[in-house]
Amino acid sequence: MGLARTIRRQKQKAAKRQAKKEMTAVVHALASMPDTCSVCAAPFDKKDPVAMQDWQVEVSETEDTKIMCLDCQVMEVENEI
Ligand SMILES: [Zn+2]
């Protein structure tokens, strides 16, 4: 009984640690988010809720965060066809 309980606690601990790690990643991504589109350098307003919705944000653990404006997203889709 005692052992099962210990394992469960360890799992909870691990889950907590993972959540914290992800949280840190998100905060880091937001802080390091560029101010301009990674493709066409169009200015990105972080405080504009519409821009936040329309722009595509690509978060990578190894590379810098990339953001793409609506125009470039449309262009990318057209290029793929
Ligand atoms: Zn763009």
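Residues numbered from 1 in each chain as written. Predicted model: local features only at pLDDT ≥ 70, side-chain atom pairs only at ≥ 80, totals over all residues.

(A) Inspection of the overall build of the protein chain at higher detail. On a plain count of helices and strands, the protein chain comes out with 3 helices and 2 strands. Each helix and strand of the protein chain, placed in order from N terminus to C terminus, yields the pattern α-α-β-β-α. Viewed in the frame of its principal axes, the protein chain has a C-alpha envelope of about 60 × 30 × 25 Å. (Helix = DSSP H or I, 4+ residues; strand = E, 2+ residues; numbered from the N terminus.)

(B) Focus on unusual backbone geometry. Here the phi dihedral of Ala41 falls at roughly 65°; this positive angle occurs in a residue that is not glycine. As for its position among the elements, Ala41 is in the loop between α1 (2-31) and α2 (49-54). The class of Ala41 is exposed, set by 11 C-beta atoms lying within 10 Å. (Buried ≥ 20, exposed ≤ 12 C-beta atoms within 10 Å, placed from the backbone.)

(C) Molecular detail of the environment of Lys66. Within the secondary structure, Lys66 sits in strand β2 (residues 66-68). On the neighbour-count criterion, Lys66 (15 C-beta atoms within 10 Å) is partly exposed. In the structure, Lys66 is positioned 27 residues away from Val39 in sequence and 8.9 Å away in space, judged by C-alpha atoms. Excluding residues within four positions of it along the chain, Lys66 makes contact with Ser38 and Glu58. (Contact = placed C-beta atoms within 7 Å.)

(D) Main features of the confidence of the model for the protein chain. Averaged over the protein chain, the pLDDT score is 86; the fraction of residues at 70 or greater is 96%. Summarising per-element confidence for the protein chain, the mean pLDDT is lowest in α1 (83) and highest in β2 (92). (pLDDT = per-residue confidence, 0-100.)

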